[in-house]
Every structure is written in C-alpha cells, then in structure tokens.
Amino acid sequence: MSTTTTVPATTTVPAAAEAVRPYALSHLDALESEAVHIFREVAGEFERPVVLFSGGKDSIVMLHLALKAFAPAAVPFSLLHVDTGHNFPEVLDYRDRTVKKHGLRLHVASVQEYIDRGVLKERSDGTRNPLQTLPLTEKIQAERFDAVFGGGRRDEEKARAKERVFSLRDEFSQWDPRRQRPELWNLYNGRHAPGEHVRVFPLSNWTELDVWQYIAREGIDLPEIYFAHERDVFQRAGMWLTAGDWGGPKDGETVERRLVRYRTVGDMSCTGAVDSDATTLEAVITEIAASRLTERGATRADDKMSEAAMEDRKREGYF
Amino acid sequence: MTSTIEPTEPIEPLSVEQLSETTLLRFATAGSVDDGKSTLVGRLLHDSKSVLTDQLEAVEHASRNRGQDTPDLALLTDGLRAEREQGITIDVAYRYFATAKRRFILADTPGHVQYTRNMVTGASTAELTIILVDARNGVVEQTRRHAAIAALLRVPHIVLAVNKMDLVGYEAKEFDRIVEDFAGHAAELDLPGFTPIPVSALTGDNVVERSARTDWYEGPALLAHLESVPVGGDPTGAPARFPVQYVIRHGEARHYAGQLASGSLRVGDRVTVHPSGGTSAIEGIDVLGEEVREAYAPQSLTLRLADHLDVSRGDMITSGPDAPALTRDVRAAVCHLADRPLRVGDRVLVRHTTRTVKAIVRELTAGEAGLTANDLGRITLRTAEPLPLDDYADCRRTGAFILIDPADGATLTAGMVDLGGADAATV
C-alpha cells in the first residue's frame, strides 16, 4: 500500500512470508483427500457404480485412490474397460494382473465385436477412438450402471476445463455443457432419473504433473510402455505410431527403431510415442516438467482433428 | 487483450522434500466487463510459465480465425464452441498453474452472463478472491456486488487489484482514492479485510514482479501475495465436525468414513453423533492407510468408536463444547441458481453435508414472482427431519446447503445458514 496517505483501518497488511502452518495439507494430500471424498460420496449415493479402467496412468491412480478410500474393506465397485481391439499388449497384461491382484470384477465393452457384427464401421483413418462411445453407452445401459468413474482431468483439454465433478448424462450418454448443474462447495448432486447416469471425475483438479508425482510418492506400479524403450515406429501426422496389424505403416511411411516412451495410453492407432530416454519415474517427472507441449498436444491425433474435437466427442457420450 | 505473448519456459520439477511443503490455494477472480480480467489471468498463467506451445498455437489460430491480430488470452479458457462463436464465457473455467512455492486452482468466472451464479460457484470453494477494478473508473456498482458476494460466501482473503495503473500514470493518489472508497464498502459489508495491489495486467506491473513504476507501493506483487497468503486456517481452534459419508464394515469392526469438515479430532476424544445424540469416544483414526493419533480438516479419514452406536451416512460426529444447532427451521442467505423461480410453498430437497432431507419453503424475501436466477435473498425452510447446523460464518462446510428440485434433480439454490438472522418475511 501507499506511504503517501493514511492506510484505511480495515486494510490488512500483506504477510511478508507464510507463517509456519503445521496443519496445512500438502497439495498432493489435499488432492488425495478430495478424490477419496468423491469416491465415498458415490459409494454412499449410488447403487451400481463402475470405474472406467483402461490401464492408463489416470485410471491406475483412480483405482489406487479407490483402494485407499475403502480400506480395509474391498472396493465396492467393478471395473469397465472399453477394448478398442487396438490395445498395447503390455497394457492388457497390466489390466489382467491388476484385476487378479485385487480380486476385482472386470466388464469389457468390445469395439471389435461391434465391428464384427457390422454395427460399427472401421474408419478410413484406422482410428477407433470415436468408435468407443457406442459400446460404452450400451454397456452402461445393459449393466444398469448409475455412476461411471472416469479419469478425465480439467487440465487436459479446454472442453474438459468446464466439466463438473458429477456430470449428468441422459440415456444416450450425451453431455450438454450449457445445461450443467452448478457445483458448489463439496456438495455433489447425483440425482438422476432411471436410465440416466452420472459420470464422476475424481481427478478433475489434478494436473499431469500431480498424477506423476503422486505415482512416485505412492510407489504405484505402471505398464512398462510409460518408460523409455526401443520400439518399431513410423511417423504419421507428426507423431510416432507403433507399427502393427491395426493399420500401419501405409504407403510412403517407413518403420524405424527408436528410443521412445508413451506419455498417454489410448488406442494404438491414435496415441503417439514421444522420443525419450526417461527410464525411471524421476526422469519422467523431469521430462514432463520441462516439456513445452501438453500431453494431449504431444500424443493424441484425435484432438488435432478440430478445435472442438473433444467437446463433440464428449457431447456424444465419450469419456 | 492486446499483449503479445510467447510460450514460456517450463518450471523446474520439485524434489520430494519440496513437494511435501507445497500447499494448494484455490482462488477466484471477479471483474466487470473490460476490467482486464482475462488479461490478468492470461498474465498470471503466462508469467508463471503455465502456457505451453501447443496451447498458445491453438489460441493464436483461433484468434486469427476471429480476425484478431494478437492472441486473445481469454481463448485459453473459453473452450466451448458456443463460447468461441459468441465471444463470451458461459461458465466457470478452472485453470491450474504452479510456482515453486504453491499449486493454484483458479476458478475463472465470467463477468457478464450469469455472473452472480458463476461467481457464487467459484467463491464457494475459494480461499481468496481477486476483485478487479479499472483504475480509471474506480469502485463501480459491479465492484460493490462482487464484494458483497465475497462477503456472503465468506471468502477468507480478498485482494483488491486496481488494474490499468498505466492509464492513470501510476499515480499513488489515484490508487489511494480507490482503496479508501472500497474500504468504506468493505466495512459496511463486514469484510474481514482486504489487500489492495496496484497492477497493470497489460504491462505486467506488480503481477509477478514488483514494479519500479509504483515505487510508492510497499506491498508484494500479486503472485507473491498468492504464494504467501495462509491457507487452511488453524483447525485446532475450530469445533470438530465430521459428516459420515459411508460405513466400512470389516469383520466385526465398523469404520466411519468421511472428510473432516472442520476442526481436529484426537484418539480418546468424547464425541456426539447427531441427530441421535448418542455419545462415545474415539478408539482409532486412520488417514488413508496410516493410523494416527490426531487428524484435522480437510483430511479424509476413517474413525472407529469405542461403543457400538447406530451410525450411518448422513449422521454427523462432533466434539467439543460448541455443538451444532439441531433444528428443522432453517434460516439462511441464498443465491438462486436455476432459471425456474423459487416460491413460498415449494417442496424441495435440502442437501446439507452428506444428508438429504425434504423441506418446504416457508418464507422468502421476494414477492409473488419468487426468487429468480442470480437473485440474492433470504429464506426460511421447514425440514422434514432436524439438521445439525452451524452458522455459515462459523463453518463454511457445515453451514452450507443446496436446494434440489425433487422432480428432476436440478440444483436450484445455494444456501448459507444464518441461524440468528432476520426473518425472511420481515426483510
């Protein structure tokens, strides 16, 4: 404040430095406490919740939080994997190991099955990401899931920045960003009609770096493709894609062996690897902190399609 | 938004030791149209090195499509198709950034459409609100309204950011005049205090670095203040409030799971369960896998009690001399959120902590038309079952509630309990 006039009586003097506050939670503890609160709210309010589990780092952190939230008892939810048929084998292995280790029940919605039945058609670009919405929605309806946990984070993408923690979906799983319920304090409104369900995002307030730092702090095991390894890849749309039966390389694309790792894990056809020599969690965290690109900007072809690609997919019922 | 921006150098990762000392600050911004709020938010994100290359490219691309020569930092947050088409912000956007000292969650609330509803939403979880004024215009009607909402929502820390100081020649007397004016309103509103900072979001003065052009100003730059303002309060002095979320049964044991809403609890503390009134002592506390002697808000934990009581979701466990008021008559200040009006006689659901009860609207500070969207007012409710209530002024978590439409589940109204407040009918 100014030295030239009398300071108004109600004005506070800015603190020079934060006093020692033994009771302030660290940011990771605060985020963890919030996420656990969200899991328990769902357990208390819903009949048939399910956790979307892809074997990606965000869903792995979700499961870890759920295990902590209900210890010493078991997690009162089952898991749901939308299998695109283009999965990384390392990630499927991880999924099956995890399900077995924790005695969980796994539901699988298979994109391949929908293609085989002729309900869905393979896209010309080979990407199966947008094809996941129908199998997901029909599985939710068939199993009558009323709460579906997703690992989406608001820092990932600008359409997600406006997503609620509890996000109501109609029987078609559609999201209408203009008709969202206001969400105040930690009072989450999960009321829904029969046939509707609520998507729940316990990691809403986490950033990519928070997720990695939490993985390091908690010593959480991850699929090995998150760490640097040699892999046969080819370049498409500026990204390194894994060569394989799913549809690459095509004419003019050449395969080379490179030292890479995956920063996100999704469908093989649209998830790019990044050049990296980070073989440990510490090295990965250092690399992310130094990155000039967001994780989706660096690794996801599907979000490069248009400015509103994520919003459009979300409206249709995507994760 | 006219500043030119460049992608920023990323921050250094923190060590495990540093991380355990990094706290989280949730804050909100409020400003009138053209106060430069988007510029200030963009400046904070940019100068704290939180804008990455691909985000900036997307903003530049979108700005060009809209015929703008320079990147519009508002587009960093306005991500929805309708927002870009109409050039407006339609909803609260959450932004995340970090410095070496602290992580920040910013609730960026639009200044025009539905601003009361959105500002109330953003302020409900904020520990600090930045109220922005244009140095040329000083305190205007919107500023007073923003201050009133911050006071109503009991946001613990208020920053008065006097922006566009470059347009008033960085004059101390311009700043002091506005601060004095705002202080008068703050006193009327019973605001606990505020921190005035002269800034120019456009040029960056006093945003991240203290500016030589305001050498008469002795306080910190805005970011330094955000990094140092105390968070969390002191839970040891506050009454303990533990709303039960869920009962975890394991063998014979019952673990009561919840998030401590206020205060602290120790093993051995005598506790009361509301609304039953049963009493017991705390036998054990677990904080997510770790057995502890003491826990404090806002930790998520499980409690074990020495006696077998009937405790379930929606009950509240408390300790200490200041018991909550157990009542079916709820007096509160409210902000109406929904487009449909709220009228006397309406049947609603009250969601308070982890409990949901039926209620009837008995009185309202509104005429026949009822409360409409973005109205602030007072309400008296009669609930079907008693609720353990604290005044919102004493405890934000146990003094807050929302009203829900039982027909379709819509969130209608935000409420802040004021037990001794005036009768809604007489205001």
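Novice: Would you explain the overall build of chain A in this entry?
Specialist: Helix and strand content of chain A: 9 helices and 10 strands. Restricting to contacts in chain A with at least 6 residues of sequence separation, those with at least 24 account for 73%.

Novice: Would you mind going over unusual backbone geometry with me for this structure?
Specialist: As a rule of thumb, non-glycine residues mostly have phi less than zero, and peptide bonds are mostly trans rather than cis. For the peptide bond that leads from A:Ala71 to A:Pro72, omega is 5°, which places it in the cis range. By secondary structure assignment, the location of A:Pro72 is in the loop between α2 (57–70) and β2 (78–83). The step from B:His274 to B:Pro275 runs through a cis peptide bond, and the omega angle for that step is 5°. Mapped onto the secondary structure, B:Pro275 falls in the loop between β11 (270–274) and β12 (279–287). Notably, B:Leu288 is not glycine yet its phi reads approximately 50°, a positive angle.

Novice: Help me understand the domain arrangement of chain A, please; the structure alone is not making it clear to me.
Specialist: One frequently used descriptor of interface size is the decrease in accessible area upon assembly of the parts. Residues and elements named next belong to chain A. The domain boundaries assigned to chain A delineate domain 1 (27–178 + 185–208 + 311–316) and domain 2 (224–305). One C-alpha centre belongs to domain 1, the other to domain 2; they are set 23 Å apart. If you look at the interface, domain 1 gives 23 residues, while domain 2 gives 24 residues. Summed over the shared surface of domain 1 and domain 2, the number is 2 salt bridges. As a salt-bridge pair, Glu 208 and Arg 263 come within 2.9 Å of each other at their nearest N and O atoms. For the interface between domain 1 and domain 2, the tally reads 5 residue pairs in polar contact (both at pLDDT 80 or more). Sorting elements by how many residues they give to the side of domain 1 that touches domain 2 places helix α3 (residues 89–101) first, with 3 residues. Looking at the side of domain 1 that touches domain 2 residue by residue, the class counts come to 3 nonpolar, 9 polar and 11 charged.

Novice: How should the packing of α2(A) against helix α6 (residues 208–218) of chain A be read in this particular structure?
Specialist: The axes of two packed helices give the description: the angle between them and the distance between them. Residues and elements named next belong to chain A. Axis separation between α2 and α6 bottoms out at 11 Å; the angle between their running directions is 55°. Classified by the angle their axes make, α2 and α6 are oblique. For the pair α2 and α6, the crossing hand works out as left-handed. Across the interface between the two elements, Lys 57, Asp 58, Val 61, His 64, Leu 65 and Lys 68 of α2 pack against Glu 208, Val 211, Trp 212, Tyr 214, Ile 215 and Glu 218 of α6.

Novice: Sorry, what's going on with the pairing of strand β2 (residues 93–98) of chain B here?
Specialist: Residues and elements named next belong to chain B. Buried residues dominate β2, accounting for 6 of its 6 residues. With burial as the criterion, each face of β2 is covered, one bearing Ala 93, Arg 95 and Phe 97 and the other bearing Tyr 94, Tyr 96 and Ala 98. Two strands pair when backbone bridges link them, and β2 and strand β3 (residues 102–108) are joined in this way by 6 bridges, in the antiparallel orientation. Bridging from a neighbouring strand, Ala 98 pairs with Arg 103 of β3. Between β2 and β3, which pair antiparallel and follow one another directly, the connecting turn spans 3 residues.

Novice: Explain the pairing of strand β9 (residues 253–259) of chain B here, please?
Specialist: Residue and element names in this part refer to chain B. Along β9, 5 of the 7 residues are buried, which leaves the element largely enclosed by surrounding structure. Direction of pairing for strand β8 (residues 246–250) relative to β9: antiparallel, over a ladder of 5 bridges. Note that in β9 the partner of Arg 249 across the bridge is Arg 254. Joining the antiparallel neighbours β8 and β9 is a turn of 2 residues, in which Gly 251 adopts a positive phi near 60°. As defined by bridge partners, β9 adjoins strand β15 (residues 300–305) across 4 bridges and the pair is classed as antiparallel.

Novice: Where do I start with the sheet that holds strand β5 (residues 166–169) of chain A in this structure?
Specialist: Pairing between the strands of a sheet comes from backbone hydrogen bonds, and it takes one of two forms, parallel or antiparallel. Residues and elements named next belong to chain A. Taken together, the 6 strands give an open sheet; going across it, the order is β3-β2-β1-β4-β6-β5, and neighbouring strands pair in mixed fashion. In this open sheet, the two strands that pair with only one neighbour each are β3 (106–110) and β5. Between one strand and the next, the sheet's axes are offset by a mean angle of 30°, whatever the strand orientation. The pairing of strand β4 (residues 147–149) with strand β6 (residues 197–200) spans 3 bridges and is classified as parallel. Its bridge partner being in β6, Ala 147 is matched across the sheet by Val 198.

Novice: Can you help me understand the packing of aromatic side chains in this one?
Specialist: What describes a pair of aromatic rings is the distance from one ring centre to the other and the angle between the planes of the rings. For the structure shown, the criterion picks out 17 aromatic pairs over all chains. On the basis of an interplanar angle of 80° and a centroid distance of 4.9 Å, the ring pair of B:Phe182 and B:Phe194 is categorised as edge-to-face. Of this pair, B:Phe182 sits in helix α7 (residues 172–189) while B:Phe194 is found in the loop between α7 and β6 (195–198), placing the two residues 12 residues apart along the sequence. Accessibility assignment for this pair places B:Phe182 and B:Phe194 in one class, buried. Three or more aromatic residues link up through ring pairs in this structure, and these residues are A:Phe39, A:Phe70, A:Phe77, A:Phe149 and B:Tyr246. It is A:Arg117 that lies over the ring of A:Tyr114; its NZ or CZ is 4.6 Å from the centre. A cation over an aromatic ring shows up here: A:Arg154 above the ring of B:Tyr94, its NZ or CZ 4.2 Å from the ring centre.

Novice: Explanation requested: the sheet that holds strand β1 (residues 23–31) of chain B in the structure shown.
Specialist: Spatially, the 6 strands line up as an open sheet ordered β2-β3-β1-β4-β5-β6 (chain B), and their pairing is mixed. Either end of the sheet is taken by a strand with one partner, and the two such strands are β2 and β6 of chain B. When strand polarity is set aside, the average angle formed by the axes of neighbouring strands in this sheet is 25°. Across the sheet, helix α1 (residues 27–45) of chain A touches β1 and β3 of chain B, and the angle it forms with β1(B) is around 75°. Packed onto the sheet, helix α6 (residues 141–152) of chain B meets β1, β4 (128–134) and β5 (157–163) of chain B and runs at close to 170° relative to β4(B).

Novice: Would you explain the side chain of B:Ser124 in this entry?
Specialist: Structurally, B:Ser124 is set in helix α5 (residues 115–124). Of note is the side chain of B:Ser124, whose polar atom sits 2.9 Å from the backbone nitrogen of A:Trp185. Beyond its immediate chain neighbours, meaning those up to four positions away, B:Ser124 contacts A:Leu184, A:Trp185, B:Leu153 and B:Arg396.

Novice: Mind showing me how you'd approach the packing of α1(A) against α6(A) here?
Specialist: Residue and element names in this part refer to chain A. One way to put it is that α1 packs onto α6 with a least axis distance of 11 Å and a crossing angle of 95°. In terms of orientation, α1 lies roughly perpendicular with respect to α6. Facing α1, whose interface residues are His 27, Leu 28, Asp 29, Leu 31 and Glu 32, α6 presents Asp 210, Gln 213, Tyr 214, Arg 217 and Glu 218. Looking at the contact of α1 with α6, its residues break down into 3 nonpolar, 2 polar and 5 charged.

Novice: I would appreciate a short explanation of the nonpolar core in the present structure.
Specialist: Buried together is how nonpolar side chains tend to be arranged in soluble globular proteins. Among the nonpolar cores identified, the biggest contains 75 residues, and A:Phe39, A:Val61, A:Leu65, A:Phe77, A:Phe166, A:Trp206 and A:Trp212 are the most heavily contacted of them. Residues B:Val51, B:Val162, B:Ile197 and B:Ala414 belong to the second largest nonpolar core, which totals 68 residues.

Novice: It is not clear to me how the environment of B:Leu305 should be interpreted in this structure. Could you clarify?
Specialist: Residue and element names in this part refer to chain B. Counting through the fold element by element, Leu 305 comes out in strand β15. By relative accessible area, which is 9% here, Leu 305 ends up buried. Those residues in contact with Leu 305 that lie beyond four places of it in its chain are Tyr 256, Val 271, Val 273, Ser 280, Ala 281, Ile 282, Glu 283 and Ile 317.

Novice: Could you clarify how one ought to interpret the environment of B:Val208 in this entry?
Specialist: Residues and elements named next belong to chain B. As for its placement among the helices and strands, Val 208 is situated in the loop between β6 and α8 (222–228). As a C-alpha pair, Val 208 and Ala 221 span 13 residues in sequence and 5.8 Å in three-dimensional space. With sequence-adjacent residues up to four places away left out, Val 208 is seen in contact with Asp 47, Ala 221 and Leu 223.

Novice: Just to check I follow, could you spell out the pattern of salt bridges for this structure?
Specialist: Think of it this way: side chains of opposite charge can pair up when their charged atoms draw near. All names here are of chain A. Scanning the entire structure with this criterion turns up 47 salt bridges over all chains. Close ionic contact of Lys 57 with Asp 58 constitutes a salt bridge, the shortest N to O distance being 3.6 Å. Like Asp 58, Lys 57 is buried. The residue Lys 68 makes a salt bridge to Glu 218 at a minimum N-O spacing of 2.8 Å. Highlighted residues: Lys 68 in helix α2 and Glu 218 in helix α6, separated in sequence by 150 residues. By relative accessible area, Lys 68 is classed as buried at 16%. Residues participating in the shared-partner salt-bridge network are Asp 29, Glu 32, Lys 68, Arg 217 and Glu 218.

Thresholds, definitions, all that
- The written sequence of each chain sets the order in which its residues are numbered from 1.
- As they are written, the chains are lettered A onward and the ligands numbered 1 onward, keeping that order.
- Where local features are concerned, this predicted model is filtered to residues with pLDDT of at least 70; where side-chain atom pairs are given and counted, the filter is 80 or more; whole-chain, interface and lining totals use all residues.
- In computing side-chain properties, one takes all heavy atoms of the structure into account and sets aside hydrogens as well as water.
- In DSSP terms, a helix is any run of H or I states spanning at least four residues, a strand is any run of E spanning at least two, and both are numbered starting from the N terminus.
- Should any heavy atoms of two residues lie within 4.5 Å, those residues are considered in contact.
- Annotation comment: domain bounds sourced from an automatic or database domain assignment.
- Counted as salt bridges are all cases of a side-chain nitrogen of Lys or Arg within 4 Å of a carboxyl oxygen of Asp or Glu.
- We define a polar contact as two N or O atoms separated by no more than 3.5 Å, with the added condition that, inside protein, one atom must be a possible hydrogen donor and the other a possible acceptor, whereas residues neighbouring each other in sequence contribute only through side-chain atom pairs.
- Note that Gly is not counted as nonpolar here; it falls among the polar residues with everything else outside the nonpolar set of Ala, Val, Leu, Ile, Met, Phe, Trp, Tyr, Cys and Pro and the charged set of Asp, Glu, Lys and Arg.
- Every axis corresponds to a line fitted to the C-alpha atoms, with the helix fit spanning only the stretch in contact, and the corresponding angles, defined between N-to-C directions, vary from 0 to 180 degrees.
- For classification purposes, an angle smaller than 35 degrees is called roughly parallel, one larger than 145 roughly antiparallel, one from 65 to 115 roughly perpendicular, and anything else oblique.
- In a left-handed crossing the near helix is turned counterclockwise from the far helix by less than a right angle, and in a right-handed crossing that turn is clockwise.
- Exposed residues in this analysis have more than 50% of their type's maximum accessible area, buried residues have under 20%, and partly exposed residues fall in between, with area computed by a 1.4 Å probe over protein chains only.
- Any two strands with at least two DSSP bridges between them are considered paired.
- Any Phe, Tyr or Trp ring, taking Trp's six-membered ring, that has another such ring centre within 6.5 Å forms a pair; planes under 30 degrees apart are called stacked, those over 60 apart edge-to-face, and the others tilted.
- A ring is scored as having a charge over it whenever the NZ atom of a lysine or the CZ atom of an arginine sits within 6 Å of its centre and within 35 degrees of its normal.
- Residues belong to a common nonpolar core when they are buried Ala, Val, Leu, Ile, Met, Phe, Trp, Tyr or Cys residues joined through side-chain atoms within 4.5 Å.

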